[in-house]
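Descriptive structure summary
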Amino acid sequence: MAEQTHVLFVEDDDVIREATQLALERNGFAVTAMPDGLSGLEAFRADRPDIALLDVMVPGLDGVSLCRRIRDESTVPVIMLSARADSIDVVLGLEAGADDYVTKPFDGAVLVARIRAVLRRFGHAGGGRAAETAPQEGGTLVFGELEVDTEGMEVRRAGRPVALTPTEMRLLLEFSAAPGTVLSRDKLLERVWDYGWGGDTRVVDVHVQRLRTKIGQDRIETVRGFGYKLKA
């Protein structure tokens, strides 16, 4: 039997926490559920889960701050949960290092699908499903002072290693595979976030900006009305 994927779930609402935990467990996940950010951080450090689901508004240590603490220590995938689709909530969570977000109230099947989509990008099985990773051509690609090793999954800028999250790495690989080609936000959502449905393009915009700060602000160009492209 395949090992269960371990989910850390931090949510202060007892009803939502218990109902969501049951739904996830029915879908084959092992769940550690915590009511506040501080206990969530302790559980993360003790259990090292495969993925974290963090509500934005939790007591003690809010979800955005908890995400930052987790990201300081790990590249484990993080999904933020928010009762509002507010731009501020969404952007703060993504800028803190979250890989995706889901707006409450959410359908249990939709949440499971989003979790599995994130896990596929990170190479986890996700509730008993086989991991799926996009094939990458071997070799090192060079764009000015930027070097992308598609086999070793390493990036260097001016000879110095660049630390990327798995989502940022997949985003860069998409750009690197077609330098000079404009990739739309919808196409990037499909290829990087595995969205088979319409998604919020703010996820793309924030991750592109995070990637720019690491590989150079001028390396990825915005093509207004169309998307982004990597300068060759």
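Conventions used here
Residues numbered from 1 in each chain as written. Predicted model: local features only at pLDDT ≥ 70, side-chain atom pairs only at ≥ 80, totals over all residues. Heavy atoms only, no water. Helix = DSSP H or I, 4+ residues; strand = E, 2+ residues; numbered from the N terminus. Buried < 20%, exposed > 50% of the residue type's maximum accessible area, 1.4 Å probe, protein only. Contact = heavy atoms within 4.5 Å. Areas by Shrake-Rupley, 256 points an atom, 1.4 Å probe, with all protein chains shown as cover. Pairing = 2+ DSSP bridges. Axes fitted to C-alpha atoms, helices over the stretch in contact; angles between N-to-C directions. Core = buried A, V, L, I, M, F, W, Y, C linked by side-chain atoms within 4.5 Å. Parallel < 35°, antiparallel > 145°, perpendicular 65-115°, else oblique. Nonpolar A, V, L, I, M, F, W, Y, C, P; charged D, E, K, R; others polar. pLDDT = per-residue confidence, 0-100. Salt bridge = Lys/Arg side-chain N within 4 Å of Asp/Glu carboxyl O.

1. Some thoughts on the overall build of the chain
When helices and strands are tallied, the chain shows 8 helices and 11 strands. Within the span of the chain, comprising 232 residues, buried residues form 46% of the whole. Looking at the chain alone, contacts between residues at least 24 apart form 58% of all its contacts between residues at least 6 apart. In the form shown here, the chain has an accessible surface area of approximately 10900 Å², with 49% of it arising from carbon and sulfur atoms.

2. Examining the sheet that holds strand β8 (residues 154-157)
Across the sheet, 4 strands lie side by side as β6-β7-β8-β9; this open sheet has antiparallel pairing. Looking at strand neighbours, the two that pair on one side only are β6 (140-143) and β9 (160-161), the edges of this open sheet. Note that strand β7 (residues 146-149) and β8 share 4 bridges and pair antiparallel. Directly across from V148, in β8, lies its bridge partner V155. Of the strands in this sheet, β6, β7 and β8 touch helix α6 (residues 166-177), which is tilted by about 105 degrees from β7.

3. Description of unusual backbone geometry
Negative phi values dominate among residues other than glycine, just as trans dominates among peptide bonds. Here K104 and P105 are connected by a cis peptide whose omega angle stands at 0 degrees. Turning to its location among the elements, P105 is positioned in the loop between β5 (100-103) and α5 (108-122). Phi is positive for R48, which is not a glycine, with a value near 45 degrees. Mapped onto the elements of the fold, R48 is located in the loop between α2 (37-47) and β3 (51-55). For R48, a relative accessible area of 44% gives the class partly exposed. Even without a glycine there, the phi angle at M153 is positive, about 55 degrees. Its location among the elements puts M153 in the loop between β7 and β8.

4. Focus: the sheet that holds β3
Taken in spatial order, the 5 strands make up an open sheet running β2-β1-β3-β4-β5, and their pairing is parallel. In this open sheet, the two strands that pair with only one neighbour each are β2 (30-34) and β5. Here the strands of the sheet are splayed against their neighbours by 20 degrees on average, with no regard to which way each runs. Bridge analysis of strand β1 (residues 6-10) against β3 gives 4 bridges, and the strand direction is parallel. Within the sheet, the bridge partner assigned to V7 lies in β3 and is I51. Across the face of the sheet, helix α1 (residues 14-26) comes into contact with β1, β2 and β3 while running at roughly 170 degrees to β2.

5. Remarks on the nonpolar core
Grouped together as the largest cluster of nonpolar side chains are 48 residues, with contacts concentrated most on L54, M80 and F175. Per-element accounting of this core gives the leading share, 6 residues, to helix α8 (residues 202-215). Setting aside residues no more than four positions away along its own chain, M80 makes contact with L54, V56, G63, V64, C67, G93, A98, D100, Y101 and V102. Within the second largest apolar cluster, 16 residues are counted, among which are I51, L53, I79 and V102.

6. Overview of the packing of α6 against α8
Where α6 meets α8, the axes come as close as 10 Å, and the angle between the chain directions of the two elements is 85 degrees. By the angle between their directions, the pair α6 and α8 is classed as roughly perpendicular. Residues T167, E168, L171, L172 and F175 of α6 touch α8, and the partners they reach there are H207, V208, R210, L211, K214 and I215. Taken together, the residues that form the contact of α6 with α8 break down as 6 nonpolar, 2 polar and 3 charged.

7. A look at the confidence of the model for the chain
Caution is warranted with low-pLDDT regions, since their predicted coordinates should not be read in detail. In the predicted model, the chain carries a mean pLDDT of 87, and the fraction of residues at 70 or more is 89%. In the model, residues 125-137 has pLDDT below 50 throughout and makes 24 contacts with residues more than four positions away in sequence or in other chains.

8. A word on the pattern of salt bridges
A full pass over the atoms with the stated rule returns 13 salt bridges. Residue E11 is joined to K104 by a salt bridge in which the shortest nitrogen-to-oxygen separation is 2.9 Å. Taken as a pair, E11 in the loop between β1 and α1 and K104 in the loop between β5 and α5 lie far apart in primary sequence, 93 residues in all. Taken individually, E11 and K104 each receive the classification buried, so the pair is uniform in this respect. A salt bridge links E168 to R210; its shortest N-O distance comes to 3.0 Å. Of the two residues, E168 is situated in helix α6 and R210 in helix α8; the sequence distance between them amounts to 42 residues. Each of E11, D55 and K104 takes part in salt bridges that share partners, so that together they form one network.

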